[in-house]
Amino acid sequence: MAIYAEVQKVSENEQQVRYSFSSSENSERFMILDKTSERSWPEDGVNNILYQAVARKVAVTWIREGEAPERLIVQS
């Protein structure tokens, strides 16, 4: 199964970053990254393989760079 998603930062404050993400087959979804706890969750509560891939990519970039990425592409 191939995964492809475009991830875009929507908003950011001191505690959280909100991202939108979508694949060519799915409608736009949103996730939240909590900067303090370094945890994320999907706003719609659907924890599927697409969300997991997006969350992993955002988390790795957050840890490596120390800041929330503006835009990412997830593919595998």
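Residues numbered from 1 in each chain as written. Predicted model: local features only at pLDDT ≥ 70, side-chain atom pairs only at ≥ 80, totals over all residues. Heavy atoms only, no water.

Engineer: Explain the side chain of Asp-34 to me, using residue names and the numbers behind them.
Structural biologist: Along the chain, the position of Asp-34 falls in strand β3 (residues 29-34). Within the buried core, Asp-34 has no salt-bridge partner, and the shortest N-O distance to an opposite charge, that of Arg-39, equals 8.3 Å. Within the structure, Asp-34 has its side chain in polar contact with the backbone nitrogen of Thr-36 (distance 2.9 Å). Among the polar contacts listed, one links the side chain of Asp-34 to the backbone nitrogen of Ser-37, at a separation of 2.9 Å. (Helix = DSSP H or I, 4+ residues; strand = E, 2+ residues; numbered from the N terminus. Buried < 20%, exposed > 50% of the residue type's maximum accessible area, 1.4 Å probe, protein only. Lys, Arg positive; Asp, Glu negative; His and termini not counted. Salt bridge = Lys/Arg side-chain N within 4 Å of Asp/Glu carboxyl O. Polar contact = N/O pair within 3.5 Å; in protein donor to acceptor, adjacent residues only side chain to side chain.)

Engineer: Give me the side chain of Ser-20: which residues, what numbers.
Structural biologist: In this structure, Ser-20 sits in strand β2 (residues 16-22). Setting aside its immediate chain neighbours within four residues, Ser-20 contacts Glu-6, Val-7, Gln-8, Val-10, Glu-28, Arg-29 and Phe-30. (Contact = heavy atoms within 4.5 Å.)

Engineer: Explain the nonpolar core residue by residue, including any values.
Structural biologist: By size, the foremost hydrophobic cluster in this structure holds 18 residues, and its most contacted members are Val-7, Tyr-19, Phe-21, Met-31, Val-54, Val-58 and Val-74. Broken down by secondary-structure element, the contributors of at least two residues to this core are β1 (4-12), β2, β3, α1 (49-65) and β5 (71-75). For this core, the element with the most residues is α1, which contributes seven residues. Those residues in contact with Met-31, other than ones at most four positions away along the chain, are Val-17, Arg-18, Tyr-19, Phe-21, Ser-40, Trp-41, Pro-42, Glu-43, Tyr-51, Val-54, Ala-55 and Val-58. (Core = buried A, V, L, I, M, F, W, Y, C linked by side-chain atoms within 4.5 Å.)

Engineer: Quick one: what's the story with the pattern of salt bridges, residue by residue and with numbers?
Structural biologist: Counted under the stated rule, the structure contains six salt bridges. Between Lys-9 and Glu-12 there is a salt bridge, with its nearest N and O atoms 2.6 Å apart. Classification of Glu-12 as partly exposed rests on a relative accessible area of 40%. Between Asp-44 and Arg-29 there is a salt bridge whose closest N-O contact spans 2.8 Å.

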